[in-house]
Amino acid sequence: MSTNLDILPLNNWIETDGFPLVICGPCSAENRDDLIKVAKDIALIPHVKIFRAGIWKPRTRPDGFEGVGNIGLQWLKEIKSQTNLLTTVEVANPSHIEQCLANDVDVLWIGARTVGNPFSMQEIAETLKGVDIPVMIKNPLNADLKLWIGAFERMNMAGIKKLVAVHRGFYAYDAKPYRNAPMWEIPIELKRIVPNLPVICDPSHIAGNRELLSLISQKALDLEMEGLMIEVHPDPDKALTDANQQITPDVFAALIECLIIRKEKGNREFESKLEELRAVIDGIDDELVRILKKRMQVVSEIGKYKKANNVTILQLRRWNDIINDRMKKADKMGLNKDFLESILMLIHDESIQIQTDIFNKEE
Ligand code: PEP
Ligand code: MN
């Protein structure tokens, strides 16, 4: 898959003083006084550039708090005039966008549920034609990278070049210990396919709790994500939405302060040592590929032999023995057993496929 998007880097439209872009604010705006108070507290925390607040909330069930609606835009306007923060709001349809544009919201974001619906994305893109506003797009709930990329393509076709991807984790039947499984490989693959797209992380919706926020934030930065969006509430336990994952401005300030900002490159000595180690890895990977090829050749031979003797492909007892034996060895060597099990499963799938092809081949 290849895609060629015309996207501006973050520093083209926002001053980030060499620090990752930091966005925070409550999951939902709840009332004027609390919102303005928390924004003022947040404005004092170094590095925060954008204040977030949901005012139209997508809820799983109809009795949940659905947001304060348009009145929240007035409160955000007040915050803009009283602090140096920019503002961002989640939009899900053309009327939300029109309201935000009429009330000087600086940045729009599109939520995970909306991104999963191409009709909504197309409608939003059409509404934004000719508008110059940054748009952040969260990943869809399901781990569908093409759908996520499609959302950027639609925005880009509408002329939006200030685009940001927000990694907020993916729905999984069992995402424990997270609320949404991070599946880091998906934002990494997004970066590989669309290298000029800034990707930031939303640790709040990945974690679903307060304890994991620091760890996820640090990991995101270590994976070269360009910013963080974190939910901050004046009194998290009483929050009307996402209470479990929100933190106070003080806890948030400590989190930001503890982040280690690592650089992409080290000094010359570091680089040459790294190069040496990478050469070793290249050699090992070559060997791995050769060994896998050799294994599959033997699998072919076994397949032909089984076919000639009318013996079934899958022999469960043999497969069980393989798993048990290799796992024991992995454990002894200190290799992660889950990791080895996943690899063995993949190898086994391929082995079965090769033998199935042999069985199906006409002589
Ligand atoms: C939110 O940011 O509050 C939100 C609703 O997020 P998501 O769309 O990622 O669920
Ligand atoms: Mn939320």
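Criteria and cut-off values
Residues numbered from 1 in each chain as written. Chains lettered and ligands numbered in written order. Predicted model: local features only at pLDDT ≥ 70, side-chain atom pairs only at ≥ 80, totals over all residues. Heavy atoms only, no water. Salt bridge = Lys/Arg side-chain N within 4 Å of Asp/Glu carboxyl O. Helix = DSSP H or I, 4+ residues; strand = E, 2+ residues; numbered from the N terminus. Buried < 20%, exposed > 50% of the residue type's maximum accessible area, 1.4 Å probe, protein only. Domains from an automatic or database assignment. Pairing = 2+ DSSP bridges. Right-handed = clockwise from strand over helix to strand, strands pointing away. Donors = N, O, S within 2.8 Å, 3.2 Å for Na, K, Ca; no water. Near = heavy atom within 4 Å. Polar contact = N/O pair within 3.5 Å; in protein donor to acceptor, adjacent residues only side chain to side chain. Areas by Shrake-Rupley, 256 points an atom, 1.4 Å probe, with all protein chains shown as cover. Nonpolar A, V, L, I, M, F, W, Y, C, P; charged D, E, K, R; others polar.

**Focus on the pattern of salt bridges**
Overall, the coordinates contain 19 salt bridges when judged by the stated rule. In this structure, Asp222 engages Arg262 in a salt bridge whose closest nitrogen and oxygen atoms are separated by 2.8 Å. Linking Asp222 in helix α9 (residues 213-222) with Arg262 in the loop between α10 (249-258) and α11 (268-308), this pair joins segments that are 40 residues apart in sequence. Asp235 is the salt-bridge partner of Lys238, the closest N and O atoms lying 3.2 Å from each other. In this structure Lys238 comes out as exposed when scored by relative accessible area, which is 61%. Taken together, the shared-partner salt bridges in this structure form one network comprising Arg32, Asp33 and Glu78.

**Examining the domain arrangement of the protein**
Parsing the protein into structural domains produces domain 1 (10-258) and domain 2 (268-360). For domain 1 and domain 2, the distance between their C-alpha centres works out to 41 Å.

**Some remarks on the pairing of strand β6 (residues 163-167)**
Across the five residues that make up β6, a large majority, five, are buried. Because side chains alternate across β6, one face comprises the buried residues Leu163, Ala165 and His167, and the other comprises Val164 and Val166, equally buried. Bridging between strand β5 (residues 135-138) and β6 involves four bridges; their strand directions are parallel. In the sheet register, Ile137 faces β6, and the bridge partner there is Ala165. One crossover worth recording links β5 to the parallel β6 by way of helix α6 (residues 145-157), and it is right-handed. As defined by bridge partners, β6 adjoins strand β7 (residues 199-201) across three bridges and the pair is classed as parallel. Looking across to β7, one finds that Ala165 is bridged to Val199. As a crossover connection, the stretch from β6 through helix α7 (residues 185-193) into β7 is right-handed.

**What to know about the coordination of the manganese ion (ligand 2)**
Protein-derived coordination of the manganese ion (ligand 2) comes from Cys27 (SG), His205 (NE2), Glu231 (OE) and Asp242 (OD), at a distance range of 2.1 to 2.4 Å. Sequence positions of the donors to the manganese ion (ligand 2) reduce to the motif C-x177-H-x25-E-x10-D. Here Asp242 lies in the loop between β8 (227-231) and α10 and Cys27 lies in the loop between β1 (21-25) and α1 (32-43), a separation of 215 residues in the sequence. Residue Cys27 shares its accessibility class with Asp242, and that shared class is buried.

**Looking at the pairing of strand β4 (residues 107-110)**
With burial as the criterion, each face of β4 is covered, one bearing Val107 and Trp109 and the other bearing Leu108 and Ile110. Pairing analysis gives three bridges linking strand β3 (residues 86-90) to β4, with the strands arranged parallel. When the sheet's bridge partners are listed, Val89 is paired in β4 with Leu108. As a crossover connection, the stretch from β3 through helix α3 (residues 94-102) into β4 is right-handed. With three bridges connecting them, β4 and β5 associate as parallel partners. Among the inter-strand pairings, Leu108 is bridged to a residue of β5, identified as Val135.

**Comments concerning the site of ligand 1**
Taken together, Cys27, Arg52, Lys57, Glu90, Trp109, Gly111, Ala112, Arg113, Lys138, Arg168, His205 and Glu231 make up the full set of residues near ligand 1. Interatomic distance of 2.7 Å between a side-chain N/O atom of Arg52 and an oxygen atom of ligand 1. Contact distances for ligand 1 include 2.8 Å between an oxygen atom and a backbone N or O atom of Ala112. Protein chains bury 97% of the 290 Å² of accessible surface belonging to ligand 1 in isolation. For the shell around ligand 1, the residue count by class is three nonpolar, two polar and seven charged.

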